[in-house]
Amino acid sequence: MSFEDKSLQCSDCGATFTFSADEQELFQSRGYTNEPKRCPSCRQARKSERYGNSGNSYRSQRQMFPAVCAECGKDTEVPFEPRSGRPVYCSDCYRKVRPSK
Ligand SMILES: [Zn+2]
Ligand SMILES: [Zn+2]
């Protein structure tokens, strides 16, 4: 079984890249049946995205603001900046004041 260099189009950036005979052989030896969909640089970019990501953990870290519950007077924290004139509730009271349907 011999392989020939193939030209493939990257599904990410649309660039044409070479799927070389060597790579095809490597793919087959690993049992991969699909051709690569992305050019080497896009593959590399996706890899580093997966391993060196700080974007997701940043999103889960919401800034919390200290506040005093308008209902029971307990110290609490809310995910938004409390404004004067708008009552802020602790999580217990929030559930009482605004019951979810
Ligand atoms: Zn690409
Ligand atoms: Zn409360």
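Residues numbered from 1 in each chain as written. Chains lettered and ligands numbered in written order. Predicted model: local features only at pLDDT ≥ 70, side-chain atom pairs only at ≥ 80, totals over all residues. Heavy atoms only, no water.

Draft legend 1. Up close: a negative patch on the surface. Taken together, the side chains of Glu-4, Asp-5, Asp-22 and Glu-25 make up a negatively charged region of the molecular surface. Here Asp-22 lies in helix 1 (residues 21-29). Here Asp-22 falls in the exposed class, since its relative accessible area comes to 61%. (Patch = residues over 30% accessible without salt bridge, like charges linked within 9 Å, V, L, I, M, F, W, Y side chains within 5 Å. Areas by Shrake-Rupley, 256 points an atom, 1.4 Å probe, with all protein chains shown as cover. Salt bridge = Lys/Arg side-chain N within 4 Å of Asp/Glu carboxyl O. Lys, Arg positive; Asp, Glu negative; His and termini not counted. Charge placed at Lys NZ, Arg CZ, Asp CG, Glu CD. Helix = DSSP H or I, 4+ residues; strand = E, 2+ residues; numbered from the N terminus. Buried < 20%, exposed > 50% of the residue type's maximum accessible area, 1.4 Å probe, protein only.)

Draft legend 2. Inspection of the environment of Thr-18 at higher detail. Relative to the helices and strands, Thr-18 resides in strand 2 (residues 16-19). A sequence separation of 12 residues divides Thr-18 from Lys-6, and the C-alpha atoms of the two residues are 5.6 Å apart. Once residues within four sequence positions are removed from consideration, Thr-18 is found in contact with Asp-5, Lys-6 and Glu-23. (Contact = heavy atoms within 4.5 Å.)

Draft legend 3. Representation of the coordination of the zinc ion (ligand 1) in the model. In the first shell of the zinc ion (ligand 1), the protein supplies Cys-10 (SG), Cys-13 (SG), Cys-39 (SG) and Cys-42 (SG), at 2.3 Å from the metal. With four donor atoms in place around the zinc ion (ligand 1) and angles of 104 to 115° between them, the coordination shape is tetrahedral. Taken in sequence order, the residues that donate to the zinc ion (ligand 1) follow the motif C-x2-C-x25-C-x2-C. Of this pair, Cys-10 sits in the loop between strand 1 (6-9) and strand 2 while Cys-39 sits in the loop between helix 1 and helix 2 (40-51), and the two are 29 residues apart along the sequence. For the residue pair Cys-10 and Cys-39, the accessibility class agrees, reading buried in each case. (Donors = N, O, S within 2.8 Å, 3.2 Å for Na, K, Ca; no water. Tetrahedral: all angles 85-135°; square planar, octahedral: opposite > 155°, others 65-115°.)

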